[in-house]
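Chain residues, written in single-letter form:
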Amino acid sequence: MHAITNSGWVEVISGCMFSGKTEELLRRLRRAEIAGQEVAAFKPSIDDRYGTETIGSHDGAKWEALVVDPENPGPEIFEALNGEQVVGIDEANFFSENLVSVCEQLAEDGRRVIASGLDMTFRGEPFEPVPNLIAVAEYVDKVQAICIKCGEPATRTQRLIDGVPAHVDDPTILVGAEESYEARCRNCHTLRTD
Ligand SMILES: [Zn+2]
């Protein structure tokens, strides 16, 4: 990944759960740090799976991140920045649409922005703001997991509640619910509609 101009740019790493999005984000942040670039990372305040100030991937890699308001992340992000050239944003799907203009402003200020997030909800529908962020990004990677049912490349997140596929009318974001998730392909992904 290299700049073709002196301007900043936006990179998006998207995919379903267990596709290695956060692992890839952390890999890029680490490479920038090794090159001596200053890095700042942010995450939304609703996700505390790995502690409130750590971006964690399922493989155990970690990065310190400032937790910001997902509805209006701009003020906290711009206040926190102090000359960092590289900005990482994890769990982009949990932010409001405001994230898109924040990322564009960061890129216009000459920064490299790397955002990672789910591109689809558990229903297999676009998970805003990630699709709109993809639209304005210079670089987009869609990473796949492996379907737990059939072994094909998986692009969708299967939500299970007590082992049963979630209902199509369930809310998109469930915080603290008793549920589990699997990576599945298009054929094996199911929704309850009764
Ligand atoms: Zn499958």
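The text that follows walks through the structure, step by step, so that each part is easy to find. (Residues numbered from 1 in each chain as written. Predicted model: local features only at pLDDT ≥ 70, side-chain atom pairs only at ≥ 80, totals over all residues. Heavy atoms only, no water.)

Some thoughts on the coordination of the zinc ion
- Around the zinc ion, the donor atoms from the protein are Cys147 (SG), Cys150 (SG), Cys185 (SG) and Cys188 (SG), and they sit 2.3 to 2.4 Å away.
- Seen from the zinc ion, its four donor atoms lie at angles of 101 to 120 degrees, and the figure they make is tetrahedral.
- In terms of primary sequence, the donors binding the zinc ion are separated according to C-x2-C-x34-C-x2-C.
- Classification of Cys188 as buried rests on a relative accessible area of 18%. (Donors = N, O, S within 2.8 Å, 3.2 Å for Na, K, Ca; no water. Tetrahedral: all angles 85-135°; square planar, octahedral: opposite > 155°, others 65-115°. Buried < 20%, exposed > 50% of the residue type's maximum accessible area, 1.4 Å probe, protein only.)

Focus: the pattern of salt bridges
- All told, the structure shown has 12 salt bridges when counted by the stated rule.
- Of the charged contacts in the structure, one is a salt bridge between Glu11 and Arg28, with a shortest N-O distance of 2.9 Å. Pair noted here: Glu11 is in strand E1 (residues 9–15) and Arg28 is in helix H1 (residues 21–34), with a separation of 17 residues, a long-range link. An identical accessibility class is assigned to Glu11 and Arg28; each is buried.
- Residue Arg112 is joined to Glu11 by a salt bridge in which the shortest nitrogen-to-oxygen separation is 2.5 Å. Remark: Glu11 occurs in strand E1 and Arg112 occurs in strand E7 (residues 112–118); sequence separation between them is 101 residues.
- Given the relative accessible area of 13%, Arg112 is considered buried.
- Salt bridges here are not isolated pairs; linked through shared partners, they connect Glu11, Glu24, Arg27, Arg28, Arg112 and Asp141. (Salt bridge = Lys/Arg side-chain N within 4 Å of Asp/Glu carboxyl O. Helix = DSSP H or I, 4+ residues; strand = E, 2+ residues; numbered from the N terminus.)

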